[in-house]
Amino acid sequence: MPVSKDAPQVGDMYRCVNCQMEIHVTKGCDCDGCEPEFRCCGKPLEKVTEPPANS
């Protein structure tokens, strides 16, 4: 099974919509079928990675 396009990658950021706790990914996942679930305050964290700015 290929790596999921939604698998966490270096630089991705996830935030709790309730308490604003953040997770910053410093090592990406390359597992087959990677589907991690980050949760806080009983809810899934929201992916808040911003796309790189164009120069």
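Going by the structure above, here's the rest.
Residues numbered from 1 in each chain as written. Predicted model: local features only at pLDDT ≥ 70, side-chain atom pairs only at ≥ 80, totals over all residues. Heavy atoms only, no water.

A. Layout of the nonpolar core. Counting residues in hydrophobic clusters, the biggest one holds five residues: Y14, C16, V25, C40 and L45. Each residue touching L45, except ones within four places of it in the same chain, is listed here: Y14, R15, C16, M21, I23, F38, R39 and C40. (Core = buried A, V, L, I, M, F, W, Y, C linked by side-chain atoms within 4.5 Å. Buried < 20%, exposed > 50% of the residue type's maximum accessible area, 1.4 Å probe, protein only. Contact = heavy atoms within 4.5 Å.)

B. Layout of the sheet that holds strand β2 (residues 22-24). One open sheet accounts for three strands, arranged β2-β1-β5; its pairing is antiparallel. Either end of the sheet is taken by a strand with one partner, and the two such strands are β2 and β5 (46-47). (Pairing = 2+ DSSP bridges. Helix = DSSP H or I, 4+ residues; strand = E, 2+ residues; numbered from the N terminus.)

C. Representation of the pattern of salt bridges within the structure. Applying the stated criterion across every chain yields a total of three salt bridges. Ionic pairing is found between E37 and R39, a salt bridge with its closest N-O pair at 3.2 Å. Accessibility expressed as a relative area gives 44% for R39, which makes it partly exposed. (Salt bridge = Lys/Arg side-chain N within 4 Å of Asp/Glu carboxyl O.)

D. Representation of unusual backbone geometry in the model. Positive phi values are uncommon outside glycine, yet Q20 reaches one of about 70°. In this structure, Q20 sits in the loop between β1 (13-15) and β2. Assessed through its relative accessible area of 45%, Q20 is described here as partly exposed. Even without being a glycine, C41 presents a positive backbone phi close to 55°. With respect to the helices and strands, the residue C41 is situated in the loop between β3 (39-40) and β4 (43-44). Residue C41 is classed as partly exposed on the basis of its relative accessible area of 42%.

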